[in-house]
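Residues per chain are reported as follows:
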Amino acid sequence: MPLLFQSFVLIAILLSSSNALADLPKALTKVSIVTTQYTSLEPTIISNGTSQAAQGVVVKPETSGKVRKILFKSGDYVTAGTPLIELNNDILKADFDLTSANLALSQQDYARKKELFPRHAIAQSELDAALANLKVNTARVGASKAQLEQTLIKAPFSGKLGLRQVDIGDQVTPNTPIVNLQALDSLYVDFTIPESDRLKIAVGQKVIVNDDAYPETPFTGQVSAIESVINTNAQSLTVRAEIPNSQGTLLPGSFMRVTVTTEKPQNVISIPQSAILHAVDGNYVYRVIKSKAVKTKVVTGLYQGQNVVIKDGLKPGEQVIVAGQLKIFDGADVEVTK
């Protein structure tokens, strides 16, 4: 067979094969999509904090002495003024009785001399001395009574007691811890925010806190105070929230996740973070238009869990690829799957 004829035959075969391939259906990449729509967004600041009682103290004696009586049980709820510990007060009680007796004598002496003075039966100096003695003994009784009262340690405010740390017979001093007392009707949660967010925070804003002990139960409160100085080491600002806790559910010292609502709800477009592809010139997504992938640049905003707010680049009702976009390119034919 002549060489020229062979070449014509080969070309004809190749053209025929090419036409046949062109007639085959194009391979489509399967992708998953979401349809964009407006959702309501409450602008928030998220931080971590630690709870503390609105009032909390380690109860300690005001004076030294030996524990005579323990008048509470660990874990009790007590009201303000409830006696907790009584120290041995025999000596102080005897001193109080002595000063009280001296006060009674000085009162009688002054009363008698006050009657005699108008009759010129005594000098002015004697009346003055009797009055001075009365005042001294009155002060001594007051001091003795105060010392005696210090031997009965009372709850300074209402709250829940912790674990007892002394026993009957223990010798205690003003530095000896007796028991923790925490007022649990409300808790403070202190947390920090970046300095750049300080103008977004105001007293009275809604706060939601989550405790790991109650993962499905959010607790609501409000911002009650803002620190008056910036932490220069961390360029942050400390904020305090007050959380009602009438049931005593939350305990001081707990780690809390804090969410502060800073503005009124806004309508925004939010899509899964998996839809976002990152490039040197910014972020972009693939939209589906007439079964083709269209590369679209977007501007992202706040992150909401697994979603991200789109500030610019998308409109409601558009189809955005959330899975399979790594296999495609701008203009690629795609097949949408559930």
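Residues numbered from 1 in each chain as written. Predicted model: local features only at pLDDT ≥ 70, side-chain atom pairs only at ≥ 80, totals over all residues. Heavy atoms only, no water.

Trainee: Just checking my understanding: could you explain helix 2 (residues 90-116) for this structure?
Mentor: Between its first and last C-alpha, helix 2 extends 40 Å over 27 residues, near the 39 Å set by a 1.5 Å rise per residue. When we look at burial in helix 2, the residues that qualify are Thr99, Leu103, Ser106, Asp109, Tyr110 and Lys113. (Helix = DSSP H or I, 4+ residues; strand = E, 2+ residues; numbered from the N terminus. Expected span 1.5 Å × (residues − 1). Buried < 20%, exposed > 50% of the residue type's maximum accessible area, 1.4 Å probe, protein only.)

Trainee: It is not clear to me how the packing of helix 2 against helix 3 (residues 124-149) should be interpreted in this structure. Could you clarify?
Mentor: When two helices pack together, their arrangement is captured by the angle between the axes and the distance separating the axes. Viewed as axis vectors pointing N to C, helix 2 and helix 3 meet at an angle of 160 degrees, and their least axial separation amounts to 8 Å. Our classification of the angle between helix 2 and helix 3 gives roughly antiparallel. For the crossing formed where helix 2 meets helix 3, the hand is left-handed. Residue composition of the contact of helix 2 with helix 3, grouped by class: ten nonpolar, ten polar and eight charged. (Axes fitted to C-alpha atoms, helices over the stretch in contact; angles between N-to-C directions. Parallel < 35°, antiparallel > 145°, perpendicular 65-115°, else oblique. Left-handed = near helix turned anticlockwise from the far one by under 90°. Nonpolar A, V, L, I, M, F, W, Y, C, P; charged D, E, K, R; others polar.)

Trainee: Can you help me understand the nonpolar core in this one?
Mentor: Soluble globular proteins tend to bury their nonpolar side chains together. Ranked by size, the top nonpolar core spans 20 residues in total, and within it Val209 and Val258 carry the most contacts. Put simply, the parts of the chain that give this core at least two residues each are strand 3 (44-59), strand 10 (179-194), strand 11 (206-211), strand 12 (218-226), strand 13 (236-244) and strand 14 (255-261). The element contributing the most residues to this core is strand 10, with five residues. Other than its neighbours up to four places away in sequence, Val258 contacts Ile45, Ile46, Ser47, Asn48, Gly49, Val189, Phe191, Val207, Ile208 and Val209. Counting 17 residues, the second-largest nonpolar core is a separate cluster that includes Leu84, Ile85, Leu161 and Ile178. (Core = buried A, V, L, I, M, F, W, Y, C linked by side-chain atoms within 4.5 Å. Contact = heavy atoms within 4.5 Å.)

Trainee: Explain the pairing of strand 6 (residues 83-87) to me, please; I cannot follow it from the model alone.
Mentor: The side chains of a regular strand alternate between both faces of the sheet. A large share of strand 6 lies buried, amounting to four of its five residues. Where strand 4 (residues 65-70) and strand 6 come together, three bridges link them in antiparallel fashion. Bridge pairing links Ile70 to Ile85 in strand 6. Here strand 6 runs beside strand 7 (residues 152-154); their pairing, made up of three bridges, is antiparallel. Of the residues in strand 7, the one forming a bridge with Pro83 is Lys154. (Pairing = 2+ DSSP bridges.)

Trainee: Quick question: what am I supposed to make of the packing of aromatic side chains here?
Mentor: Two aromatic rings, taken as a pair, are described by how far apart their centres are and by the angle between their planes. With the rule as written, the count across this model stands at two aromatic pairs. Judged by centre distance (5.9 Å) and plane angle (75 degrees), the ring pair of Tyr214 and Phe219 falls under edge-to-face. The exposure class of Phe219 is buried, given its relative accessible area of 14%. Above the plane of the ring of Tyr284 lies Lys295, whose end atom (NZ or CZ) is 4.1 Å from the centre. (Phe/Tyr/Trp six-rings, centres within 6.5 Å; stacked < 30°, edge-to-face > 60°. Lys NZ or Arg CZ within 6 Å of the ring centre and 35° of its normal.)

Trainee: Sorry, what's going on with the pattern of salt bridges here?
Mentor: It is possible for side chains bearing opposite charge to pair when their charged atoms get close. For the structure on display, the rule yields eleven salt bridges. With its nearest N and O atoms 2.7 Å apart, the salt bridge here joins Asp167 to Arg164. For Arg287, the salt bridge identified is with Glu318, shortest N-O distance 2.6 Å. Here the residue Arg287 occupies a position in strand 17 (residues 282-289), and Glu318 occupies one in the loop between strand 19 (307-312) and strand 20 (319-323), the gap between them amounting to 31 residues. Judged on exposure class, the residue Arg287 and its partner Glu318 are both buried. By sharing partners, the salt bridges in this structure join Arg68, Glu86 and Asp90 into a single network. (Salt bridge = Lys/Arg side-chain N within 4 Å of Asp/Glu carboxyl O.)

Trainee: Quick question: what am I supposed to make of the environment of Asn307 here?
Mentor: Checked against the element boundaries, Asn307 lands in strand 19. In this structure the C-alpha to C-alpha distance between Asn307 and Gln273, which are 34 residues apart in sequence, comes to 5.1 Å. Among residues more than four places away in sequence, those in contact with Asn307 are Ser270, Ile271, Pro272 and Gln273.

Trainee: Help me understand the layout of surface pockets in this model?
Mentor: Unoccupied space between atoms shows up once a probe the size of one water molecule is rolled over them. When its volume is computed, the largest pocket comes out at roughly 220 Å³. If you go around the largest pocket, you meet 15 residues; those closest to its centre are Pro43, Thr44, Lys200, Glu263 and Leu302. Elements with a contribution of two residues or more to the lining of the largest pocket: strand 3, strand 15 (266-272), strand 18 (292-304) and strand 19. When residues in the lining of the largest pocket are grouped by element, the largest group, three residues, is from strand 3. Tallied by class, residues from the lining of the largest pocket come to seven nonpolar, four polar and four charged. The volume enclosed by the second largest pocket comes to roughly 180 Å³. Forming the boundary of the second largest pocket are Lys60, Pro61, Glu62, Ala146, Glu149, Gln150, Leu152, Ile153 and Lys154. (1 Å grid on protein atoms, 1.4 Å probe; cavity = no way out; pocket = protein on both sides within 12 Å on 5 of 7 lines; lining within 4 Å. Points joined across faces, edges and corners; volume = space filled by probe spheres on them.)

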